[in-house]
Amino acid sequence: MPAGTAKASSALIVTMPSDREIVLTRVFHAPRHLVFEALTKPEHLLHWYGPHSCPLVDCTVDLRVGGTWRYILRGPDGRDMGMRGVYREITPYDRIISTESFDDYPGESLNTVTLTEEAGKTTLTTRVLYESKETRDAVIRSGMEQGAGETYDRLAEHLDTTVATQSPEHELVITRVFDAPRELVFECWTQPEHLQHWQGAPRGFTVTSSESEIRPGGFFRICMRSPEGVDSWLQGGYREIVRPERVVFTHSWLDAARKPAGKPTLVTVTLLERAGKTEMTLRQTGFASLESRDGHTYGWSSALDVLADYLAESGAEAARAIVVSRLFDAPRTLVFDAFTDSKHVGNWWGPRGFTITTESMDVRVGGVWRFVMHGPDGVGYPNKITYLEIMKPERLVYDHGDAGAQGYFRTTVTFAEEGQKTRLTMRLTFQSVEERETVVKKYNAIEGGRQTLDRLGEQLDKMQELLTTRVFDAPREVVFQAWTEAERLQRWWGPKGFTNPVCEVDVRPGGAIRIHMRGPDGNVYPMTGVFQEIVPPERLVFLTSALDQKGEPLFEVLNTVTFADQGGKTKLTVHATVSKVKPEAAQHLVGMELGWSMSLDRLADRLADRLVDRLAEEVEG
């Protein structure tokens, strides 16, 4: 935030919670989405950023992780001052993390902006972390507090003007009553399996492209084709999802370059239970004109007609179904393996507090999985699953129990790629509406499904993260050398049967790692990396990347290795965290735990050989 000479606003609270931090807090009389837009869009920033004596005259914003921003402010002497940064994290309407530096001054700060809304007001908190206490103190002495106070005053004035222009006349409200339970109507707004049948498109339109991440902070982007063949693109971001009561999202039409054609509007969908039916109210605000509002009235009315038809046509089956969906930050093959491999599925299947014991698991068409689910009360519940359809890694269909028996249902599981992530959708179809309602109300099945997917997410994290500990009968200086001297590392790195024809390490912060592992089949698996931290003989931190045949990274692993002395022995702990995973890397991750175990076995053997050699030298001496 630029400095200035004006008196600081009393509405701004400035604190210094640590030697390197400054925290600025201000409450604004505006909803959170407007404050977020004022912080991130040039058309807003140019109205308020900077004190009156040093206003913003030019700015560019590339609002994405890894994107850059640059501001030019003009001082009272007419000289321009440039500042810039890179976005590290963006959670729409909630949080922005970016770097900040000035063209004419050395150093860089890390700025974390958070927004919280209550009763239509937004608290903006900016936490600035500097490289040193001296830099922080120099910023305070420069008059930052006064300049920031006036800048935030200007932001408050701009937001007041923005809020005032949102006339109540420019609001669309549509109320419908659907002959369907509220839970089902909510799923039609939030589950891809239902959305694909209507997508908010008017009657006669078809959706030719659709991608989404349905969660608070997530997004959607679709293309609708009119009966005349004209394509219309729109996108939005999910601000709030409260099951089964409310969905709030932004809505923006895109131009020919697929950029927002104007300011986004805000859509709030609320659902009320009305004697087994659902009263839905759609409220859309922020229209630039009455004409724009009226133009959306037909579109939404027609789209809701399509939704009503879908609920009526498929209501009989849909009313018997439970659908749960989750987007996992893991490749599709890995998620499929977690669902079908007994050594993984036993770690996550069932709601929290439940465990399972697998008696047999035959994952093939016609195969059966028999297991006992143990409740928190210790009671065991025998289960039988029969596989009907297996399309790895896209789809599973299975019967839970026997058709006609009590508790029977059929499950369809789909695994859809969304970039490098995987959307898993489970559809459980019961024999009757009454059976569905029984498991929902008596056994809390919907919440149980969510908890089960929570546990699957945790298991996937573990499958992409490894924490292992070994105790070696050798001093830690010797074990540390085995990790940092190329000729020693070359002798044990990799699973049993592997050799390392190339093993080069430059052991210093920023130093490179280059290892080529050759498997028993003769295939070579290249790996590169860089050391980030070296504390002899206590700690190593290094980043590695497994490469494909083209030399491109398949995934990255952040490795933290600690060496603790235990009475002449060494307790070694390896913490490996995987990121940036490509879909084709899943098979490598499945074997990561075994690979590390075999490598550490080889290290133990090498250390034992060294101990024998040392004892022999002592005897000869």
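This structure is a prediction, so every number in the text was calculated from the model and none was measured.

1. Re the pairing of strand E17 (residues 355–361)
Sheet analysis places E17 next to strand E18 (residues 368–374), joined by six bridges and oriented antiparallel. Counted as the bridge partner of threonine 357 is valine 372 from E18. The turn linking E17 back onto E18 is made up of six residues, and glycine 366 within it adopts a positive phi angle of 90 degrees.

2. Notes on the sheet that holds strand E11 (residues 219–225)
The seven strands are arranged E9-E15-E14-E13-E12-E11-E10 in an open sheet whose pairing can be described as antiparallel. The sheet is open, and its two edges are formed by strand E9 (171–178) and strand E10 (206–212), each paired on a single side. Ignoring strand direction, the axes of neighbouring strands in this sheet form an average angle of 20 degrees. Two strands pair when backbone bridges link them, and E9 and strand E15 (residues 277–285) are joined in this way by eight bridges, in the antiparallel orientation. In the sheet register, isoleucine 174 faces E15, and the bridge partner there is leucine 282. The strands that helix H5 (residues 182–190) touches are E9, strand E12 (231–242), strand E13 (246–253), strand E14 (265–274) and E15; relative to E14, the one it contacts most, it runs at about 160 degrees.

3. Describing the packing of aromatic side chains
For the structure shown, the criterion picks out 31 aromatic pairs. Measuring from ring centre to ring centre gives 6.1 Å for tryptophan 483 and tryptophan 596, while their planes differ by 20 degrees; the resulting arrangement is stacked. Of this pair, tryptophan 483 sits in helix H12 (residues 476–484) while tryptophan 596 sits in helix H15 (residues 592–620), placing them 113 residues apart in sequence. Residue tryptophan 483 is classed as buried on the basis of its relative accessible area, which comes to 3%. Since its relative accessible area comes to 11%, tryptophan 596 is described here as buried. Feature note: the residues Phe336, Phe339, Trp348, Trp349, Trp369, Phe371 and Phe415 constitute an aromatic cluster, connected by ring pairs. For arginine 239, the ring lying beneath its charged end belongs to tyrosine 93, and the centroid distance is 5.1 Å.

4. Some words on the nonpolar core
Grouped together as the largest cluster of nonpolar side chains are 72 residues, with contacts concentrated most on Phe339, Trp349, Leu424, Trp483 and Trp493. Beyond its immediate stretch of four places on either side in the chain, tryptophan 493 contacts Trp483, Asn500, Ile515, Met517, Met527, Phe542, Trp596, Ser599 and Arg602. Counting 36 residues, the second-largest nonpolar core is a separate cluster that includes Leu45, Trp69, Val139 and Ala156.

5. What to know about the side chain of glutamate 187
With respect to the helices, strands and loops of the structure, glutamate 187 is situated in helix H5. Here the side chain of glutamate 187 touches arginine 243 through a polar contact of 3.1 Å, side chain to side chain.

6. Considerations on the sheet that holds E18
Read across the open sheet, the seven strands follow the order E16-E22-E21-E20-E19-E18-E17; overall the sheet is antiparallel. One side of each edge strand has no neighbouring strand; the edge strands of this open sheet are strand E16 (321–328) and E17. Each neighbouring strand pair of the sheet contributes to a mean axis angle of 25 degrees, computed without reference to strand direction. Relative to strand E21 (residues 409–418), strand E20 (residues 395–400) is paired through six bridges, and the arrangement is antiparallel. Opposite histidine 400, over in E21, you have phenylalanine 409 as the bridge partner. The strands touched by helix H11 (residues 445–463) within the sheet are E16 and strand E22 (421–430), with E16 carrying the most contacts at an inclination of about 25 degrees.

Conventions and cut-offs
Residues numbered from 1 in each chain as written. Predicted model: local features only at pLDDT ≥ 70, side-chain atom pairs only at ≥ 80, totals over all residues. Heavy atoms only, no water. Pairing = 2+ DSSP bridges. Helix = DSSP H or I, 4+ residues; strand = E, 2+ residues; numbered from the N terminus. Axes fitted to C-alpha atoms, helices over the stretch in contact; angles between N-to-C directions. Contact = heavy atoms within 4.5 Å. Phe/Tyr/Trp six-rings, centres within 6.5 Å; stacked < 30°, edge-to-face > 60°. Buried < 20%, exposed > 50% of the residue type's maximum accessible area, 1.4 Å probe, protein only. Lys NZ or Arg CZ within 6 Å of the ring centre and 35° of its normal. Core = buried A, V, L, I, M, F, W, Y, C linked by side-chain atoms within 4.5 Å. Polar contact = N/O pair within 3.5 Å; in protein donor to acceptor, adjacent residues only side chain to side chain.

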